[in-house]
Amino acid sequence: MKFWIIVTLIVLGEVLQNALCQQHKRTKEAGDNRIRPGNKRMKPRVPKGKDRESGFSGKSQSIMTRVLDKGRFLKLSGSYISNSGESLELRCKGSQIGWAYPVYLDTFKDSRLSIKQHDKYSQLILSGTSAADTGEFSCWPLLCDGSECTKDVDKTTTTYIYFTDKEELFVPSTSYFEIVYLRPDRPSIIPCRVTSPAVKVALHMEVPPQEIPVDGDQISFDPKEGFIMHKPGPEHRGVFYCKASLRGTPQMSVKYQLLYVEVPSGPPSVTIEASSSRVMGGDNINVTCTVLGEPEVEVDFTWTYPGQDQRPVIIKEAWRLINRGMGHTTRISQSVITVEDAETIDFGNYVCTAKNLQGQTSVAARVDSY
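A short tour of the structure in this document, coming up. What you see is a predicted model, and the numbers here were worked out from it, not measured in a lab.

**Quick notes on the overall build of the protein chain**
The helix and strand inventory of the protein chain stands at 3 helices and 27 strands. Counting every position in the protein chain, which comprises 370 residues, the buried fraction comes to 35%. For the protein chain, the accessible surface area stands at approximately 24,000 Å², while carbon and sulfur atoms represent 52% of it.

In structure tokens, the structure reads:
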């Protein structure tokens, strides 16, 4: 009897021990998974290789800053609004920097503008700013190999700066009347730019007097450019002006004459004609070279003639715009060569060569003696 009691007690002891071990194991596992508060800082994961590159924007950082008062700096990109009358100081990082700014500052050799290259940056200063200075300012590092330098396009920074002036809502123009050419194959711009993006602008036609609707499709407005006619046609020709308002009396822009053009681009289309194909000794010889082309495309003329470098000649050049009907405008450019008191050496071929940006064309006329 005692034997069986001892065996039973041994078995019960082993069962109780196993149960206690299982409970301790579960308690340990639960403790291992518990999140404990503490002051230990976790080091952030740094992406490697391609992961690191993909974490940054593909846009290059701005290298242009504006110097503010008390030694403060402001990085520039996109557009920026400044008050006219303030001095503008821009800096671009780099030991060799190129600049671009509103063209008229170069055209008129403006003494208010100065550029100085320092060891680590280039400095542009424009003093006494005005509404007319509104426009695009750019800078870029120069990649130089000896004396030859190229522009680093990828690191170019451009900002458009508005110089606001309540007396000048439009960027002043150098003339009181401008010509805008309309072509069926490209947008045309009426350049009534404003000195603040907050200015509200309307487009008006002078005759018949009316405001032109701006729907964003056929016609849209960009304060940096003006009104954009995306699909110009003959119906848009005429005299236009822009009307601006900003918390006060409306202001009018200069007037714009819109001319419709339908002349194909390409080398000059040239004709040549002599005053007479036969002349007598002592008479005058006149040969006219004529080019029909696009209104704003300039043409250069050169002549080759029989008595070249031996006989004096008179060469006169002129151009004018003509309306060919249906609102189509064409530029007529002419060059006339005159030989007075013709001699035997003056008889022969007169060759006119007309050249534009698309190419050149040569034509000839022969003048003989009786």
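**Digging into the pattern of salt bridges**
A full pass over the atoms with the stated rule returns 8 salt bridges. We note a salt bridge from Arg-311 to Glu-343, for which the minimum N-O separation is 3.5 Å. Separated by 32 residues along the polypeptide, Arg-311 in the loop between β23 (300–304) and β24 (314–323) and Glu-343 in the loop between β25 (329–339) and β26 (348–356) bring together distant segments of the chain. Take Arg-311: its relative accessible area is 16%, and that puts it in the buried class. Across the pair Arg-366 and Asp-368 runs a salt bridge, and its minimum N-O distance is 3.0 Å. When its relative accessible area of 47% is taken as the criterion, Arg-366 is described as partly exposed. Taking relative accessible area as the criterion, Asp-368 reaches 22% and is therefore assigned partly exposed. Residues participating in the shared-partner salt-bridge network are Arg-311, Glu-343 and Asp-346.

**With respect to the environment of Arg-237**
Considering the arrangement of structural elements, one finds Arg-237 in the loop between β16 (226–229) and β17 (238–245). For the pair Arg-237 and Tyr-260, spaced 23 residues apart in sequence, the C-alpha to C-alpha distance is 6.1 Å.

**As for the nonpolar core**
One finds Ile-190, Val-201, Leu-203, Phe-227, Cys-242, Tyr-256 and Leu-258 to be the most contacted residues of the largest nonpolar core, which totals 22 residues. Listed by contribution, the elements that provide at least two residues to this core are β11 (177–182), β13 (200–205), β16, β17 and β19 (255–260). Ignoring anything within four residues of it in the chain, the contact list for Ile-190 reads Leu-203, Glu-225, Gly-226, Phe-227, Met-229, Cys-242, Tyr-256 and Leu-258.

**Describing the sheet that holds β26**
Taken in spatial order, the 4 strands make up an open sheet running β21-β27-β26-β23, and their pairing is mixed. Two strands lie at the open edges of the sheet, namely β21 (278–279) and β23, each paired on one side alone.

How each quantity is defined
Residues numbered from 1 in each chain as written. Predicted model: local features only at pLDDT ≥ 70, side-chain atom pairs only at ≥ 80, totals over all residues. Heavy atoms only, no water. Helix = DSSP H or I, 4+ residues; strand = E, 2+ residues; numbered from the N terminus. Buried < 20%, exposed > 50% of the residue type's maximum accessible area, 1.4 Å probe, protein only. Areas by Shrake-Rupley, 256 points an atom, 1.4 Å probe, with all protein chains shown as cover. Salt bridge = Lys/Arg side-chain N within 4 Å of Asp/Glu carboxyl O. Core = buried A, V, L, I, M, F, W, Y, C linked by side-chain atoms within 4.5 Å. Contact = heavy atoms within 4.5 Å. Pairing = 2+ DSSP bridges.

Everything listed is a geometric property; what it means functionally is a separate question.
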